[in-house]
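Analysis of the macromolecular model
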Amino acid sequence: MNFKAKAFAAAAAVALLSTGAMAQDIAVIAGSVEDAFMDKIKKGVDDATAMVTANGGTVQYLRTQNYENFGPDLVTLINQAVAQGVDGIAIPVWVPDAQIPALQAAREAGIVIMQYNSGLPVMGDVGAINYFGSDEYAAGFGGGKYLAEKGAKHILCHIQVPGAINLTERCRGVTDGATEAGAKVTVLETPPNLDGDVTGTAEAFKAAFLGDNTIDAMVSCADFGAAAGANAVEQTGAKIMVSAFDFSPASLDRIKAGTQTMAIDQQPYLQGFLATSMLFAHLKYGTNISTNPVLTGPAIIDASNVEAVMAGAALGAR
């Protein structure tokens, strides 16, 4: 091959790389396979994956088995993605002490980090290029203020995975929002092995309700907690407003029926869809969104707007 031919071949190779002709492989890391909330995120990831694969990329969706060894399990998934040579990782930061060092090492290895769902306060430590999700403190603040303005004087805020930063921020916000509106808050932490366990969590709520008859409202940091709360209210006969972060078709039915006061929405479908698609687009085309963070919530769902949400929920996207 003569000099001109070699130069042309080299230029063509550079052009090929600069136009993103190489495959872009990304990993999306999520929570427990037992967590129905993560299924909504997965729908968003799946819909974005269709676009990614059509443009030559790949997506791995990696989930922990449960929340009982959460921090180490997340680090294992991060290290697995790095070992497989991905170009980008989309991930919530739930356990900063465990995750941040692993994500910093991934970034130093040239992997682009996109955050979603949790960990907005530590985004700078992670070095993520953007965040798609709710401001958990603001969501909690709004929820606590809402319940207090509805007449609550003593709110129970339930954390189902102690130590998870997003849940801690939620209850911190509930406390501040309720306090500003003249109510007080007690935080109830249940062990991780009860995550998703409606019956076991209902027993914990019953004990709290019977132990303090001034509690007149509760907000769980998980949708299943609303079901547990409704069960506990029914079994004790206590007059307590039931509410939760996130929702399911069952919780929407309760809101419509009047046995649940409200739910705090963060649109998990959008979190999965945007984190996946925007990470890929950044790797493939060099695009960025000027808004950072991109907030998908919070929004209060109550009797005034519940019917408008039900159609999307029936399709698995709300």
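Scroll up for the structure.
So, how was this worked out
- Residues numbered from 1 in each chain as written.
- Predicted model: local features only at pLDDT ≥ 70, side-chain atom pairs only at ≥ 80, totals over all residues.
- Heavy atoms only, no water.
- Helix = DSSP H or I, 4+ residues; strand = E, 2+ residues; numbered from the N terminus.
- Expected span 1.5 Å × (residues − 1).
- Buried < 20%, exposed > 50% of the residue type's maximum accessible area, 1.4 Å probe, protein only.
- Contact = heavy atoms within 4.5 Å.
- 1 Å grid on protein atoms, 1.4 Å probe; cavity = no way out; pocket = protein on both sides within 12 Å on 5 of 7 lines; lining within 4 Å.
- Points joined across faces, edges and corners; volume = space filled by probe spheres on them.
- Domains from an automatic or database assignment.
- Core = buried A, V, L, I, M, F, W, Y, C linked by side-chain atoms within 4.5 Å.
- Disulfide = S-S within 2.5 Å.
- Pairing = 2+ DSSP bridges.
- Axes fitted to C-alpha atoms, helices over the stretch in contact; angles between N-to-C directions.
- Right-handed = clockwise from strand over helix to strand, strands pointing away.

As for helix H9 (residues 223–236)
- With 14 residues, H9 should cover 20 Å at 1.5 Å per step; its first-to-last C-alpha distance of 20 Å lies within 8% of that length.
- Within H9, 10 of the 14 residues are buried, which leaves the element mostly enclosed by the surrounding structure.
- Listed as buried for H9 are Asp223, Phe224, Gly225, Ala226, Ala227, Ala228, Gly229, Ala230, Ala232 and Val233.
- The inward-facing, buried residues of H9 abut strand S6 (154–159), helix H8 (198–211), strand S8 (217–220), strand S9 (241–245) and helix H10 (249–257).
- Directly after H9, the chain includes Gly237, whose backbone phi takes a positive value near 75°.

Re the layout of surface pockets
- A volume near 440 Å³ is recorded for the largest pocket.
- Considering the residues around the largest pocket, the lining is formed by 28 residues, among which Asp35, Phe37, Gln160, Ala222 and Asp223 are closest to the centre.
- For the lining of the largest pocket, the elements supplying multiple residues, two or more each, are helix H2 (36–54), helix H7 (165–180) and H9.
- The element contributing the most residues to the lining of the largest pocket is H2, with 4 residues.
- Both domain 1 (2–134 + 267–287) and domain 2 (136–265) contribute no fewer than three residues apiece to the lining of the largest pocket.

Details of the nonpolar core
- Counting 68 residues, the largest nonpolar core has Ile29, Ile89, Ile113, Tyr116, Val126, Leu147 and Ile155 as its most contacted members.
- Taken domain by domain, this core gets at least three of its residues from each of domain 1 (2–134 + 267–287) and domain 2 (136–265).
- Those residues in contact with Ile113, other than ones at most four positions away along the chain, are Ile89, Ile91, Leu103, Ala106, Arg107, Val126, Gly127, Ala128 and Ile129.
- The next biggest cluster of nonpolar side chains, apart from the first, holds 15 residues, and it includes Leu188, Ala202, Ala208 and Phe209.

Quick word on the state of the cysteines
- Applying the stated rule across the entire model yields 1 disulfide.
- Unpaired in this structure, Cys221 has its nearest cysteine sulfur neighbour in Cys171, at a distance of 3.8 Å.

Side note on the sheet that holds S6
- The strand order across the open sheet built from 6 strands is S7-S6-S8-S9-S10-S12, with neighbouring strands paired in mixed fashion. Looking at the sheet topology across the chains shown, the edges are occupied by strand S7 (184–189) and strand S12 (299–301). Between one strand axis and the next, the sheet turns through 20° on average, direction left out of account.
- As paired elements, strand S10 (residues 262–265) and S12 share 3 bridges and run antiparallel to each other. Residue pairing across strands places Ala263 opposite Ile301, the latter belonging to S12.
- In the packing of H9 onto the sheet, the strands contacted are S6, S8 and S9, and the crossing angle to S9 comes to about 165°.

Observations regarding the pairing of S10
- Across the two faces of S10 the burial is the same, with Met262 and Ile264 and Ala263 and Asp265 all buried.
- Judged from the 3 bridges that link them, S9 and S10 form a sheet pairing that is parallel. Residue pairing in the sheet places Ser243 in a bridge with Met262 of S10.
- Between the parallel pair S9 and S10, the chain is carried across by H10, and the sense of this crossover is right-handed.

Without other data, these values stay purely geometric and don't point to any function.
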